Amino acid sequence: MARDEGIKALFEPRSVALVGSSKLRERVGMTAPWLFKSVIHNMKKYFRGKVYVIDIHGKTSRLSTVKDLPGKPDLGVLMLPPPLSIKKAQELSEAGVKALLGITGGYKAEEREQLLHIGREHGVRFLGPNTILGVVNTTNGLNTMFEQDLMPMKGKISIISQSGGIGAAMIDWVCFYGIGLSKFAFTGDKIDVDDIDIISYYGEDPDTNAMAIYMEGLREGKEFVNAVREVVKDKPVVALKGGITQEAARRALSHTASIAGVDAIYSAAFKKAGVIRVSYGIDHLFDAVLALSKQPPMKGDRVAIISNVGGPAILAADAVYRYGLKLAKLSDETVARLARKYPEVDATNPIDMIADAKAERYRDVLELVLADPNVDGVLVINMLKSCFFEPEDAEVIAEVAKKHSDKPVVDVPTGAEDYLLIQKALRQTDIPTFNLPDMAARALNWLREYDAIRKRMNNKERMEPRDSRKPRTSTKNS
C-alpha cells in the first residue's frame, strides 16, 4: 500500500469502524462509555460514508468483534485502553484497513512500539495514539470529536495540533465566529503519522487555502523543511511553537511524548522552510491563518487606510509603521477624483470619510483606492457607534475587494459589539475582520511576509523530494 493511501484514508475514508466499549471505564484515562457513544453519535449524524460500530461488550451494536464486520473499512478508530487497542489494531490491520486512529492514550514506550510494528507489518498508517479529538473533515462529515453535535461549518482553513486543549480552542474559535474549517487533526503521540505527512496532504487538498499548526516537538527536521518548502509555494503555513522555555519543554515531553528541542533550532528550521512563525499565543495563530486563508499575498508595503472615524485611523497608521509597512502616497489622479466626488473628505492617507459615511461612500472611495497603482493593500475601519454605518453596509467592502483580487483588504470594526455585528455580516465573504487596528496592520504584515516567502521559494531549486524519507525505526523523537 502506498504511503499516501493511508494518509488519505485518515481524512477521506469511504467507511469507518468505531471500536470501543459500552461498559468499560478506566479509573484514569479516556476510555469511557459516554465518549464511545458520543463519537458514534457524531459519526452517524455527520459522516457521509458507512459507519460500523464494534462494541466489545455488545450493548450498542450487533457487532462485537472485528470478524463480525460485513465489509472492509478504510479507517479504524480505537477507543479502548492500550492492551485492548493493540489487540484490535492487529485484528483491523489483518482485516485490511488502510489507516488507524488512536483516540485514547496512556501507552508505555513498548506498547507504542507494538502499534508501530503492527502498522508497518500490514502497511497501515497510524495517527496517535492519544489523539483525543482525532480528525475532522467538513467536506465528507468525518468527525471523531466526542462533544456531541459539534461540527464546524465548511471553510478553507486546515489545522494540525499536538495538543488536545489547543486543538479544542481552535475548534471553538472557528465555530463561535462561523469562520469555517476544511480539515483538523490532533496528532497526539505521533508514533507514525506526523506533521510532515499531514502538511503534505493538506498541500494537495483543494479545500485547503492555508494551514495552522500548533507544535510542541518535531522529529526529522530536514524532512519537515523539505516538505514545507514545497507546500508554501502555493499555500501559507503558520506555526505556533509551545515549549520554548526549559520548564515548558519538560511539560511538553510528558504531555505528548514529544521532545521540545532548542527554540533557536526551530526558529531556523521554520525560516528555512518558509513557515510564518507566530510567537505570542493562540490569538496570533488565529489572526494569521484567517488573513492568509481569505486574502492574497501583499506584493508591496504601501498601505491605504479608509475610515469613518479619526482616532482609530491614527492608531492604524502608527501600527502600519510599527510592523514595518508604510502609508501609501495616493496618486494625484486618485486625490483629484476623490476631491471631485467628495470635496468634504480629506483625501490624505489615512482617509477620514467622516462619521456619516455609509455603503455608497465606502464603495466609491474603496474602488478608487484599490485602483491606485501606489497602493498595495487596504485597511478599512467601520465603526457603528457614533456613526451612521450599519452592519449591512459592510457588504460593499467585499463586493469591491472581489474586483481587485490581487490586493488584500482587511476590515476593522473597532470595539466588541460592533465587531461581532460586522464580523457576522462579512463571515461568509473573503474579508477578514479584526476588532483592533493593531491586529489588522499585523495581518497585512503577515500577508506581506508570505509574498516574500513565496517569491523566495519559487525562485529556488526544489530540495530533496518527500518520497526519499527513510523508514522510522523508533518511536523516540529526536
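Just so it is clear, the model here is predicted, and its values are computed rather than measured.

Here we look at the nonpolar core
1) Next: If you look at the biggest cluster of nonpolar residues, it comprises 105 residues, and the most contacted ones within it are Leu18, Phe224, Ile305, Leu379 and Ile381.
2) Next: Here this core gets 10 residues from one element, more than from any other, and that element is helix α16 (residues 437–458).
3) Next: Apart from residues lying up to four places away in sequence, Phe224 is in contact with Ile196, Ile199, Met215, Leu218, Phe270, Ala273 and Val275.
4) Next: With 33 residues, the next largest nonpolar core counts Leu338, Val345, Val365 and Val375 among its residues.

Observations concerning the environment of Ile40
1) Next: Within the secondary structure, Ile40 is located in helix α2 (residues 33–46).
2) Next: Using a relative accessible area of 9% as the deciding quantity, one classes Ile40 as buried.
3) Next: Discounting residues that sit within four places of it in the chain, Ile40 has contacts with Leu18, Val53 and Thr60.

Let's talk about the sheet that holds strand β2 (residues 50–55)
1) Next: Spatial ordering of the open sheet is given by β2-β1-β3-β4-β5, a layout of five strands whose pairing is parallel. Bordering the open sheet on either side are β2 and β5 (125–127), each of which pairs with just one other strand. Averaged over all adjacent pairs, the angle separating strand axes in this sheet is 20 degrees, with direction ignored.
2) Next: Relative to strand β4 (residues 99–102), strand β3 (residues 75–78) is paired through four bridges, and the arrangement is parallel. Paired with Gly76 across the two strands is Leu100, which belongs to β4.

Description of the environment of Lys44
1) Next: Structurally, the position occupied by Lys44 is in helix α2.
2) Next: The spacing of Lys44 and Gly141 is 97 residues in sequence and 9.4 Å in space, taken between C-alpha atoms.
3) Next: Here Lys44 is in contact with Val51 and Val53, once residues within four sequence places are set aside.

Parameters and conventions
Residues numbered from 1 in each chain as written. Predicted model: local features only at pLDDT ≥ 70, side-chain atom pairs only at ≥ 80, totals over all residues. Heavy atoms only, no water. Core = buried A, V, L, I, M, F, W, Y, C linked by side-chain atoms within 4.5 Å. Buried < 20%, exposed > 50% of the residue type's maximum accessible area, 1.4 Å probe, protein only. Helix = DSSP H or I, 4+ residues; strand = E, 2+ residues; numbered from the N terminus. Contact = heavy atoms within 4.5 Å. Pairing = 2+ DSSP bridges. Axes fitted to C-alpha atoms, helices over the stretch in contact; angles between N-to-C directions.

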